[in-house]
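Topology and contacts: notes
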Amino acid sequence: MEEIDHLGHERSKIEFDVEAMKIVWAGSQRALEVSDRISRLVASDPIFRKDDRTILSRKELFNTTLRKSAHAWKRIIELRLTEEEASRLRFYIDQPAFMDLHWGMFIPAIKGQGTEEQQKKWLPLAYKMQIIGCYAQTELGHGSNVQGLETTATFDPKTDEFILHSPTLTSSKWWPGGLGKASTHALIYSRLITDGQDHGVHGFIVQLRSLDDHLPLPGITIGDIGIKFGNGAYNSMDNGVLRFDHVRIPRDQMLMRVSQVTREGKYLQSDVPRQLVYGTMVYVRQTIVSDASCALSRAVCIATRYSAVRRQFGSQDGGPETQVIDYKTQQNRLFPLLASAYAYRFVGEWLKWLYTDVTQRLQANDFSTLPEAHACTAGLKSLTTSATADGIEECRKLCGGHGYLCSSGLPELFAVYIPACTYEGDNIVLLLQVSRFLMKTVSQLGSGIKPVGTTAYMGQVEHLMQCHCDVQRAEDWLKPSVILAAFQARAARMSVACAQNLSKFSSQEEGFAELSADLVEAAVAHCQLIVVTKYIEKLQQAIPGKGVKEQLAALCNIYALSLIHKHQGDFLANGCITPKQASLVNWQLRSLYAQVRPNVIGLVDAFNYTDHYLGSILGRYDGNVYPKLYEEAWKDPLNDSVVPDGYHEFIRPMLKQQLRTARL
Ligand SMILES: CCCCCCCC/C=C\C/C=C/C(=O)SCCNC(=O)CCNC(=O)[C@H](O)C(C)(C)COP(=O)(O)OP(=O)(O)OC[C@H]1O[C@@H](n2cnc3c(N)ncnc32)[C@H](O)[C@@H]1OP(=O)(O)O
Ligand SMILES: Cc1cc2nc3c(=O)[nH]c(=O)nc-3n(C[C@H](O)[C@H](O)[C@H](O)COP(=O)(O)OP(=O)(O)OC[C@H]3O[C@@H](n4cnc5c(N)ncnc54)[C@H](O)[C@@H]3O)c2cc1C
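In the nomenclature of an unreviewed UniProt entry, the protein chain corresponds to Acyl-coenzyme A oxidase from the organism Protea cynaroides. Check the Cofactor (unreviewed entry) section of the UniProt entry for the protein chain; it says "FAD".

Here it is in structure tokens:
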């Protein structure tokens, strides 16, 4: 039977080259080819099915994690997949698993903090999956405050070993993914003690389980921390708890790139900054920004397709009702999210470049850009994950009642996604790091140190403090220079105001504590400026394909103007724009919505997601929503029997009781 494309009418209206846009989204023709091939490979393999995840018990779900991970590894070997292809495979399998931490944190930590010798010893084992590793930093009592960790690693010069110990309940490692059941090894972040002296937190490779029977090694207590938020969702991951009772490891298992302990027990600090111990977090925060664009685009794809299928009200003379996507309120909620997905994609690409650049510099002992890399990764991780978590929930609401069904894919996506606001650094804690960096930048302005990189705009602070926005008509808001000037003025003025207020306190620390809410807002303004700037820079590149650049430019304007509208309090209070200019933003936004409306299905098709990856009946490519929703309902285990199992025990006696009462 020929399949009907219920969104065919929408697709016939598209004014740009969707295939060319797919390349822009993927990053390159080759990246698109890899993504396309691997996503189809996953979709066609029954072992990777995921439609039953929300009804599996925890044990069954974890079992599917093990099965999928083992099968994925088999396919990686059989098909000789490259590192990039293997990473795409894990992405499209779309089930949080210990493998994510093994490849995403354990290996990068050894690469970043291990000596050459240590890398030679451990990386081949990890690459061949002969050991499984996790990243165990957080403890029951401390997560954000890494310097407050309590686990100790005390050097014993007699045996040339470290003794790992958990001195208190709160020092139990708590949360690490993969620790609970799967990992054989962990990177343990622990206080280093030599000769009675505490040198702060360092990383150690520790074997946890036997490589023969997977039993915990002597002195190790280990398990899973329990069920997490939502059905299915992150419960496929074995986040774990771990305690050490005087566990001994050889000295050469301390990661020694940043600092070393000699055979005699002498502590040596190399000229590498000690913050490199935190390097893995910088790496992962950078990847989380690109991941945000994936999660948000996925929710937006579902909400956009469904909004084009769904009709409510407006029928005249028995004609069709209005597609809900044509309501301006729907557009005003949805299109900025679509624009954000593209914006995060491009800022994610740039951040990847920044990270590669800083890594190359670090290898050449140039540490000058590390503070900026830390501030950018921390700030953008925070900004994009918070907006994505809120955006997924907005997409659920945009789908009305059906969005609340697990078969919409949105509840599970939300539940899986929201911890991104917490892991790899609580979003507020990370923004406070950005604000510290900004305050330092402002304090150096008069000293001749020229701000560079993402803070270069502060170099024109005198101009930015008094400039006026050059908008007379709504169309003026389409000029990139006007948009940039408004965002730069807002960010600079908010930072300078914070710096001025801080100077009123007797100590910097007291001021920071008192003004932290304002400081967070200044950090958000700075991070939004980065996203807008990087999007505008992207548009300055050659982008082939009919109409592609025009659509991207419209989305860039929607992203920037919807932020000005949302944060108009900041822009107005700091005198960056006038009330009249704020109202012109809305006029321009409405016009931009009309411009992208015929193209939105094309803009979400460009994500190139398979129906398997989307995992949503509402977001199906063919838009055949109602028959499939109806069909799906009958698959629920409750519908296995017409009369429910508890009828005789509970319902029938109740009904009979009521009958007797009624007769009385
Ligand atoms: C490709 C695949 C990827 C797969 C990934 C899968 C994802 C799976 C999902 C979840 C996994 C989750 C893992 C985790 O959550 S791991 C645990 C993460 N934990 C955190 O993020 C803790 C957050 N806290 C911190 O990062 C820090 O402690 C801090 C930043 C809050 C530091 O606070 P503070 O005590 O004030 O600072 P310090 O004294 O320690 O440092 C002062 C100095 O150092 C600078 N700095 C801090 N961090 C860094 C850094 N990472 N890089 C560079 N520099 C850093 C800081 O700015 C100060 O600088 P100064 O002002 O100039 O002195
Ligand atoms: C799903 C998931 C997976 C994880 N995986 C891992 C892993 O693999 N390995 C690992 O080591 N860890 C992991 N973690 C732990 C994670 O990194 C921490 O939970 C995270 O860093 C936040 O720390 P916390 O839990 O101590 O929060 P807290 O710091 O206790 O935060 C609680 C509240 O206090 C606020 N707060 C804290 N400090 C400040 C401050 N200075 N100023 C203002 N407000 C503040 C926060 O904003 C927050 O609102 C994971 C966590 C989750 C949820």
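Text resumes after the structure shown.
1. A short note on the overall build of the protein chain
Along its length, the protein chain carries 23 helices and 11 strands. Against the globule reference of 26 Å for 664 residues, the protein chain gives a C-alpha radius of gyration of 27 Å, in line with a compact fold. For the C-alpha atoms alone, the extent of the protein chain along its principal axes is close to 90 × 75 × 65 Å. Counting over 664 residues, the protein chain shows a buried share of 45%. Across the protein chain, the fraction of contacts at a sequence separation of at least 24, relative to all contacts at a separation of at least 6, is 74%.

2. Structural notes on the site of ligand 1
Inspection of the region around ligand 1 gives 25 residues, with Gly104, Val146, Tyr278, His374 and Gly425 positioned closest. Secondary structure elements with two or more residues in the shell around ligand 1: helix H6 (98–113), helix H8 (279–309), helix H10 (370–398) and helix H12 (427–443). With 4 residues, the top contributor of residues to the shell around ligand 1 is H8. A class-by-class count of the residues in the shell around ligand 1 yields 10 nonpolar, 12 polar and 3 charged.

3. What about the sheet that holds strand E8 (residues 240–244)?
Strand order in the open sheet formed by 3 strands is E4-E8-E7, and the pairing between neighbours is antiparallel. Each edge of the sheet is formed by a strand with only one pairing partner; in this case those strands are strand E4 (173–174) and strand E7 (220–224). Where E7 lies against E8, 5 bridges are found, and the strand directions are antiparallel. From the neighbouring strand, threonine 221 faces E8, where its bridge partner is arginine 243.

4. Focus on unusual backbone geometry
Trans is the prevailing form of peptide bonds, just as negative phi is the prevailing case for residues other than glycine. Phi is positive for arginine 80, close to 50°, though the residue is something other than glycine. By secondary structure assignment, the location of arginine 80 is in the loop between helix H4 (58–78) and helix H5 (83–93). Notably, aspartate 160 is not glycine yet its phi reads approximately 60°, a positive angle. If you trace the backbone, aspartate 160 turns up in the loop between strand E2 (152–156) and strand E3 (161–165). Looking at aspartate 160, the number of C-beta atoms within 10 Å reads 14, which means it is partly exposed.

The rules behind the values
- Numbers given to residues run from 1 along each chain, matching the order in which its sequence is written.
- All chains are assigned letters beginning with A, and all ligands numbers beginning with 1, in the order in which they are written.
- Reporting in this predicted model follows two pLDDT cut-offs: at least 70 for local features of residues, and 80 or more for side-chain atom pairs to be given and counted; totals over whole chains, interfaces and linings ignore these cut-offs and use all residues.
- UniProt positions are given in the numbering used here, feature names are shortened, and annotations may be inferred rather than shown by experiment.
- Counting from the N terminus, the helices are DSSP H or I runs at least four residues long and the strands are E runs at least two residues long.
- To get the radius of gyration, use the C-alpha atoms; to get the globule rule, take the number of residues to the power 0.38 and multiply by 2.2 Å.
- For the exposure call, what matters is how many other C-beta atoms sit within 10 Å of a residue's own: 20 or more marks it buried, 12 or fewer exposed, and in between partly exposed, using C-beta atoms placed from the backbone.
- Two residues form a contact once the distance between their C-beta atoms, set from the backbone, is within 7 Å.
- As used in this record, a residue near a molecule or strand is one whose C-beta atom, placed from the backbone, is within 6 Å of it.
- The classification used treats Ala, Val, Leu, Ile, Met, Phe, Trp, Tyr, Cys and Pro as nonpolar, Asp, Glu, Lys and Arg as charged, and all other residues, Gly among them, as polar.
- A pair of strands is labelled paired if DSSP reports no fewer than 2 bridges between them.

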